[in-house]
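Residues per chain are reported as follows:
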Amino acid sequence: MARQTDLIAPSILSADFARLGEEVDNVIASGADVVHFDVMDNHYVPNLTIGPLVCESLRNHGVTADIDVHLMVKPVDRIIPDFAKAGATYITFHPEASEHVDRTLSMIRDLGCKSGLVFNPATPLNLLVHVMDKVDVILLMSVNPGFGGQSFIPETLNKLNTARKMIDSSGYDIRLEIDGGVKANNIRQIKEAGADMFVAGSAIFGAENPDDPNKYDSICAEFRKELAAAEV
Ligand code: DX5
Ligand code: ZN
């Protein structure tokens, strides 16, 4: 199966929350594709962020781009319908946070969203084997979850290779997403290792440029240039 178009997914964790709607408008106007929405509960991960109300507010503000809800909460099942109702496009969760992974994946799809599993740096991929038909996206964490601004863990490149092979041999239409430490100077290598959906928080929102009409034009263009140069 041919590789899908690259998707750039800015993580709003690094945006200015006091003007979130405007930040999302600017980053999408600059050419980003998907809004990556990090949900943390100070239990599964040691940080606390945003919930379904904020997702709904972005939709009410007029955001029409796909919203990629990355759940770093435990348990997950109770909150999933709330995010579906709030306008989530993708809902992904960590297998460690669900007692019944297959059931949770099915629940996400039954609610009309795209489903995905997230793998921490030390979590092996074998858990995927019997649920490949139930995932729309596989998200590999290239940092330990909880905070923006950490460094990319190089071993993730090998893991991307393995996940890419699993996807290609499965024949299913599954996105391979990477999250953590993605920058202009490593995004090309990350694509070459197999990713086709790229989350970036600090690299994008930290590069706000008042000279750009949409604030994030330069960084998004730099990402696109690097992605176009990748050999896959
Ligand atoms: C970390 C989050 C990431 C984070 C990425 O737990 O899942 O989405 O915001 O931030 P950067 O791109 O700064 O590593
Ligand atoms: Zn994330």
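Everything in this summary refers to the structure shown in the same document.

Thresholds, definitions, all that
Residues numbered from 1 in each chain as written. Chains lettered and ligands numbered in written order. Predicted model: local features only at pLDDT ≥ 70, side-chain atom pairs only at ≥ 80, totals over all residues. Heavy atoms only, no water. Core = buried A, V, L, I, M, F, W, Y, C linked by side-chain atoms within 4.5 Å. Buried < 20%, exposed > 50% of the residue type's maximum accessible area, 1.4 Å probe, protein only. Helix = DSSP H or I, 4+ residues; strand = E, 2+ residues; numbered from the N terminus. Contact = heavy atoms within 4.5 Å. Pairing = 2+ DSSP bridges. Axes fitted to C-alpha atoms, helices over the stretch in contact; angles between N-to-C directions. Near = heavy atom within 4 Å. Polar contact = N/O pair within 3.5 Å; in protein donor to acceptor, adjacent residues only side chain to side chain. Areas by Shrake-Rupley, 256 points an atom, 1.4 Å probe, with all protein chains shown as cover.

1. A word on the nonpolar core
Side chains that are nonpolar tend, in soluble globular proteins, to be buried together.
So, step 1. Counting 71 residues, the largest nonpolar core has Ile 12, Phe 37, Leu 71 and Ile 138 as the members making the most contacts within it.
So, step 2. Considering every element that reaches this core, the biggest residue donor is helix α5 (residues 156–170), with 5 residues.
So, step 3. Those residues in contact with Ile 138 that sit more than four places away from it in its chain are Leu 117, Phe 119, Leu 128, Met 132, Ile 167, Ile 174, Arg 175, Leu 176 and Glu 177.
So, step 4. Core analysis: the next-biggest nonpolar cluster, separate from the first, contains 7 residues, Tyr 90, Val 137, Met 197 and Val 199 among them.

2. Description of the sheet that holds strand β7 (residues 175–179)
So, step 1. Read from one edge to the other, the open sheet built from 8 strands follows the order β1-β8-β7-β6-β5-β4-β3-β2, with strand pairing classed as parallel. Unpaired on one side and paired on the other, β1 (7–10) and β2 (34–40) mark the two borders of the sheet. Across the sheet, the mean angle separating the axes of adjacent strands is 20° when strand polarity is ignored.
So, step 2. Looking at chain direction, β1 and strand β8 (residues 197–200) are connected through 4 bridges and run parallel. When the bridges of β8 are listed, Ala 9 appears paired with Val 199.
So, step 3. Running over the sheet, α5 touches β5 (114–119), β6 (137–141) and β7 and is turned about 165° from β7.
So, step 4. Taken strand by strand, helix α8 (residues 217–229) contacts β1 and β8, and its axis lies near 145° from that of β1.

3. Looking at the site of ligand 1
So, step 1. Not every one of the 20 residues close to ligand 1 is listed here, only the nearest: Asp 38, Gly 149, Asp 179, Gly 201 and Ser 202.
So, step 2. Gly 149 is positioned such that a nitrogen or oxygen atom in its backbone is 2.8 Å from an oxygen atom of ligand 1.
So, step 3. At 2.8 Å, a backbone N or O of Gly 181 approaches an oxygen atom of ligand 1.
So, step 4. Relative to its free-state accessible area of 380 Å², ligand 1 is covered by the protein chains to the extent of 100%.
So, step 5. Elements with a minimum of two residues in the shell around ligand 1: β2, β3 (66–72) and β8.

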